[in-house]
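Structural overview
Residues per chain are reported as follows:
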2 protein chains.
Amino acid sequence: MPDTFLPAPLLTALQDLLGPSGILTETSDTQSYCTDWRMLYQGKCAAVLRPATTEACAKAVALCVQYGVPMVPQGGNTSMVGGATPDTSGKAVVISTTRMNRIIAIDHADLTMTVEAGVTLKAAQDAALKEGLMLPLSISSEGSADIGGVLATNAGGNNTVRYGNARELALGLEAVLPDGSVLNVMRKLRKDNTGYALRQLLIGSEGTLGIITTAVIQLQPQPRSRETALCAVQNTQAALDLFATFRKQDPAAIQAFEYMSGTSMALVNSLIENCALPLSEPAPAYVLVELASPRADDSLRTLMEETLGTAFENGLVSDAVLAESETQRQALWMIREEHAEAQKRAGASVKNDVSVPLATIPDFIERATAACENLIPGIRVAPFGHIGDGNIHFNLVQPEGADAAAFLAQDHAMMDTVAGIVRELGGSFSAEHGVGQLKTYMMPSWRGGAELDSMRKIKAALDPKNLMNPGKIFPDAE
Amino acid sequence: MPDTFLPAPLLTALQDLLGPSGILTETSDTQSYCTDWRMLYQGKCAAVLRPATTEACAKAVALCVQYGVPMVPQGGNTSMVGGATPDTSGKAVVISTTRMNRIIAIDHADLTMTVEAGVTLKAAQDAALKEGLMLPLSISSEGSADIGGVLATNAGGNNTVRYGNARELALGLEAVLPDGSVLNVMRKLRKDNTGYALRQLLIGSEGTLGIITTAVIQLQPQPRSRETALCAVQNTQAALDLFATFRKQDPAAIQAFEYMSGTSMALVNSLIENCALPLSEPAPAYVLVELASPRADDSLRTLMEETLGTAFENGLVSDAVLAESETQRQALWMIREEHAEAQKRAGASVKNDVSVPLATIPDFIERATAACENLIPGIRVAPFGHIGDGNIHFNLVQPEGADAAAFLAQDHAMMDTVAGIVRELGGSFSAEHGVGQLKTYMMPSWRGGAELDSMRKIKAALDPKNLMNPGKIFPDAE
């Protein structure tokens, strides 16, 4: 009998149900499931359950409920906030969706993919691509993150500005609820007004209301034309005005619209190989804009050139470079994607993944920059991010030559300073990453009153014993 | 003291709270609030409450809860399913949102409108238009339907194919919950992963989870180019293939894609003035396609002509006419919009507002047509609707010269026949109109098991006394 908290009859029943490869109980096997990707949490579990079908998953959940065993759903284990990591008691089981990994169908009439939870986002993207279609969701962890986790956390990314978050892409859903019943809302319908929005509720509930097992995802035709440009702008307001100009021309053409502060860009240019600034001189801020269309005509090029031409005349843009080939396009994107790495090389840093209403972004960056510089003289305020959807990674890099540990010791002071301004502007303390266990303590003060109260009531109604991913989202859950 | 079920202290408190114009108790004043638009239901109420602010609405709800008085939220009173009509007991109050009718702000940076529930959809559209923007939701009752009702019922319409339903358009929401507390999720954020999707849950809950009082609606730039064509096709599959062809070219360009059967079109041509068929000869089916773009260039015309040209060569389209002016465009749309009126003039008819997965539409129409013709010889099967989003109005017109009453006596047999096929194809018995009280009886068999069970648990958690719009959605609520 392995060393586990599970009662013997439950263990036997689970072994019978899931088979030898469907349950792991040795610590050497379960350890990797008990640590989060950022290494912030080191938990323990009684077992890792790896059901291969929805039916097996449902039966396993029902057994756990019968014995009062907490369950932690886990997909690709790439949470940024410890959302899929068990606590240290060792009493919970991790339920991994890894083995439910079939792409069931790609439907060219409905333009949908029916896919099981354990398929990685990358594998799903590739399967769509192979059929000449596009799954329009892209995040940096897509090689490991799976569809179930992506939906459970309502993932965002670079293309939210065009296609919305994961919630907007899911047309159907199947999930095992906290009582072991199976919710099947797999209807491929764009119009269906027959009761409550259970699909939307499950999506983004971070595994606290059930385990997503299968989904229907909306696809798009592959773009056949694409234009990418890196632009120098005088300030954040100019970046925002440029976004508004493109949006006025054609919001559906904007595939991505990314902002990079001059400070953060300078770090990339100086610390990353092959990332020199491809413009004549440094600027206070930059924008990477990508237009795309499934149409193969050249009107996109005209749109890009004319819009940038006018922006140049209006003083919004001081310099710009357009990608003339796929290689050049990838080079421009590399400059955008290396900001996190460059900041890492520059020393210790503190990250704030926040969102604010678009109109307030310039005010937010100005005020938060001043406040942080006032707090820590010499600090390098290096924001960048998805300005087109209001999501700024307001990252703070230690002063040059300063002591890293001393800088990091002030992390809460920095985070509270930024969060205070975000709150005044009607923003959010977690734009993309969710609450998990890292940010549960913020829920009462940010989402308190009727909002958190309603969430608690719904949680208690669907999971009265609080066995499904306890300790996530809600601060005082056990 | 007026003749009302309300306890005297509650009536006094409500009068003090709402003022003379804020509460109606005379039957002559309340009668119009107690009958639905289709005249299917004639209810009674103890009073009509007309709060002018969210605060007054919240206090009125709290008072009603204190005295155990049921509440029926009502917007423009245009429900197709009796969703806003009180029962015949006379014990409920109607809470009308009519006086909360301010357009609070139009934000050009965020491209949003902040608007109170009582503003009609048409007034909101017009306000957006005045600012050079578009509120991309259009339904036939938009002159009376208000924003609160549109959101409470997740309204659809012609443009769902491009912009989604009402739920997808709402970025923020304020609502009075069944306990009288105010849920404020008015954040104008495209990314905000901090807990459950309460906004999405409230939207489409048909007033059973609270009263929507204010919303933030996403706007779009006004289209600057538009192309509209009426096409003759050989059958439903050809109509669907033509949709797929346009979508492959550019899904974002498709503003509307409407289907009309030859039977229904013939009724329009023969029974409605100024609606002759603008094509050389009748066809088995027709499609009205409208492309639009905020861009002013002429690529949309090219897209329309080239796509139709190829479709003509492939045999998908046998004939087509393109609108060359706004007058011609409106004439084509009139042909589409007169189908309901033409069917009315042709005699008694039975309506089925259903949706099915796109791929199954041809199969659905073929099978449902055969089944209905088998059921009632001579019946005129006259479907039309939003084929681009899978929503077909599968309407059935009595045989020529037959007795209307005898035909209508078989309405359940016809509806059950159609519904049975819809169910086999994974469709929905209510695509746009919701459940209300008309279709509550269908919920257990169509949405039973874990789905209805979860809805009931959520309802009970947020409205334990079942006072908020009782008798709607759920069949056995009192």
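Because the structure is predicted, anything quoted here is derived from the model rather than measured.

A few points about the overall build of chain A
- Scanning chain A from terminus to terminus reveals 18 helices and 21 strands.
- Principal-axis analysis of the C-alpha atoms gives chain A an extent of 75 × 55 × 45 Å.
- Every one of the 478 residues in chain A was classed for burial, and the buried ones make up 62%.
- Taken as a whole, chain A presents about 17300 Å² of accessible surface, with 51% of it coming from carbon and sulfur.
- Positive and negative side-chain charges of chain A, numbering 37 and 53 respectively, have mean locations separated by a distance of 6 Å.

A few points about the pairing of strand β13 (residues 254–261) of chain B
Residue and element names in this part refer to chain B.
- Within β13, eight of the eight residues are buried, which leaves the element mostly enclosed by the surrounding structure.
- Examined bridge by bridge, β13 and strand β14 (residues 285–293) share seven bridges and lie antiparallel to one another. Paired with Ser261 across the strands is Ala285, a residue of β14.
- As defined by bridge partners, β13 adjoins strand β19 (residues 384–386) across two bridges and the pair is classed as antiparallel. Following the sheet pairing, Tyr259 is matched in β19 by Gly385.

What to know about the relation of the copies chain A and chain B
- Once chain A has been moved 0.0 Å along the axis and rotated by 180°, it coincides with chain B to within an RMSD of 0.1 Å. Those values place the two copies in the arrangement expected of a two-fold rotation axis.
- Of the residues that chain A buries at the interface, 100% are likewise interface residues in chain B, meaning the two copies contact each other through the same surface.

Structural notes on the packing of aromatic side chains
- Per the stated rule, a full pass over the model turns up 10 aromatic pairs over all chains.
- Each ring, one from Tyr196(A) and one from Phe474(B), has its centre 5.6 Å from the other, and the planes form 80°; the classification is edge-to-face. In this pair, Tyr196(A) sits in the loop between β9 (182–185) and α8 (198–202) while Phe474(B) sits in the segment after α18 (450–462), so the two residues belong to two different chains.
- Directly above the aromatic system of Trp446(A) lies the positively charged group of Arg423(A), at a separation of 4.5 Å from the ring centroid.

Focus: helix α14 (residues 361–375) of chain A
All names here are of chain A.
- The end-to-end C-alpha distance of α14, which contains 15 residues, comes to 21 Å, matching closely the 21 Å that a straight helix rising 1.5 Å per residue would cover.
- Among the residues of α14, Ile361, Pro362, Phe364, Ile365, Ala368, Thr369 and Cys372 are the ones counted as buried. Mapping the buried residues of α14 onto a view down its axis gives an arc of 160°, with all of them on the same face. Turned more than 90 degrees away from the buried face of α14, the exposed residues are Glu366 and Asn374.

A word on the domain arrangement of chain A
All names here are of chain A.
- Each assigned domain of chain A is listed with its residue range as follows: domain 1 (8–96), domain 2 (103–221), domain 3 (225–338) and domain 4 (347–424).
- Centre-to-centre, using C-alpha coordinates, domain 2 lies 30 Å away from domain 3.
- Between domain 2 and domain 3, the contact holds seven residues from the first and 11 residues from the second.
- Summed over both sides, the interface between domain 2 and domain 3 buries roughly 640 Å², with carbon and sulfur atoms accounting for 50% of that surface.
- Three residues, Asn158, Val161 and Arg162, lead the burial of domain 2 against domain 3; their summed loss comes to 71% of the area buried on that side.

Let's talk about the interface of chain A and chain B
- Residue-level contacts link 86 residues of chain A with 87 residues of chain B.
- Summed over the three residues of chain A that lose the most area to chain B, namely Lys191(A), Asn193(A) and Tyr196(A), the buried surface amounts to 16% of that side.
- At the junction of chain A with chain B, the criterion picks out 12 salt bridges.
- Residue Lys191(B) is joined to Glu432(A) by a salt bridge in which the shortest nitrogen-to-oxygen separation is 2.6 Å.
- Contributions of two or more residues to the side of chain A that touches chain B are made by α6 (160–163), β9, α8, β11 (220–221), α9 (236–249), α11 (299–313), α17 (443–447) and α18 (450–462) of chain A.
- Sort the elements by how many residues they give to the side of chain A that touches chain B and α18(A) lands first, with 10 residues.
- Residues of the side of chain A that touches chain B, tallied by class, amount to 33 nonpolar, 29 polar and 24 charged.

Considering the environment of Ala370(B)
Residues and elements named next belong to chain B.
- Position of Ala370 relative to the elements: it lies in helix α14 (residues 361–375).
- The class of Ala370 is partly exposed, set by a relative accessible area of 43%.
- Separated by 11 residues in the primary sequence, Ala370 and Val381 have C-alpha atoms spaced 9.1 Å apart.

Quick notes on the sheet that holds strand β4 (residues 93–96) of chain A
All names here are of chain A.
- Strand order in the open sheet formed by four strands is β1-β2-β4-β3, and the pairing between neighbours is mixed. Each edge of the open sheet is held by one strand with a lone partner, namely β1 (23–24) and β3 (71–74).
- Of the pairings in the sheet, the one linking β3 to β4 comprises four bridges and is parallel in character. Its bridge partner lying in β4, Met71 is registered against Val93.

Comments concerning the UniProt feature "domain: FAD-binding PCMH-type" (unreviewed entry) in chain A
- When the UniProt feature table is mapped onto this chain numbering, "domain: FAD-binding PCMH-type" (unreviewed entry) sits at residues 41–222 of chain A.
- In residues 41–222 of chain A, the share of helix is 23% and the share of strand is 24%. The end C-alpha atoms are 39 Å apart.

Quick notes on the packing of helix α1 (residues 8–18) of chain B against helix α3 (residues 54–66) of chain B
Residues and elements named next belong to chain B.
- Here α1 crosses α3 at 175°, and the two axes come no closer than 10 Å. If you check the angle between α1 and α3, you find them roughly antiparallel. Within the contact between the two elements, α1 uses Leu10, Ala13, Leu14, Leu17 and Leu18 and α3 uses Ala56, Lys59, Ala60, Leu63 and Cys64.
- For the contact of α1 with α3, the class distribution of residues is nine nonpolar, no polar and one charged.

Cut-offs applied
- Residues numbered from 1 in each chain as written.
- Chains lettered and ligands numbered in written order.
- Predicted model: local features only at pLDDT ≥ 70, side-chain atom pairs only at ≥ 80, totals over all residues.
- Heavy atoms only, no water.
- Helix = DSSP H or I, 4+ residues; strand = E, 2+ residues; numbered from the N terminus.
- Buried < 20%, exposed > 50% of the residue type's maximum accessible area, 1.4 Å probe, protein only.
- Areas by Shrake-Rupley, 256 points an atom, 1.4 Å probe, with all protein chains shown as cover.
- Lys, Arg positive; Asp, Glu negative; His and termini not counted.
- Charge placed at Lys NZ, Arg CZ, Asp CG, Glu CD.
- Pairing = 2+ DSSP bridges.
- Least-squares fit on C-alpha atoms with pLDDT ≥ 70 in both.
- Contact = heavy atoms within 4.5 Å.
- Phe/Tyr/Trp six-rings, centres within 6.5 Å; stacked < 30°, edge-to-face > 60°.
- Lys NZ or Arg CZ within 6 Å of the ring centre and 35° of its normal.
- Expected span 1.5 Å × (residues − 1).
- Arc of directions from axis to C-beta.
- Domains from an automatic or database assignment.
- Buried area = accessible area lost by both parts, 1.4 Å probe.
- Salt bridge = Lys/Arg side-chain N within 4 Å of Asp/Glu carboxyl O.
- Nonpolar A, V, L, I, M, F, W, Y, C, P; charged D, E, K, R; others polar.
- UniProt positions renumbered as here; feature names shortened; annotations may be inferred.
- Axes fitted to C-alpha atoms, helices over the stretch in contact; angles between N-to-C directions.
- Parallel < 35°, antiparallel > 145°, perpendicular 65-115°, else oblique.

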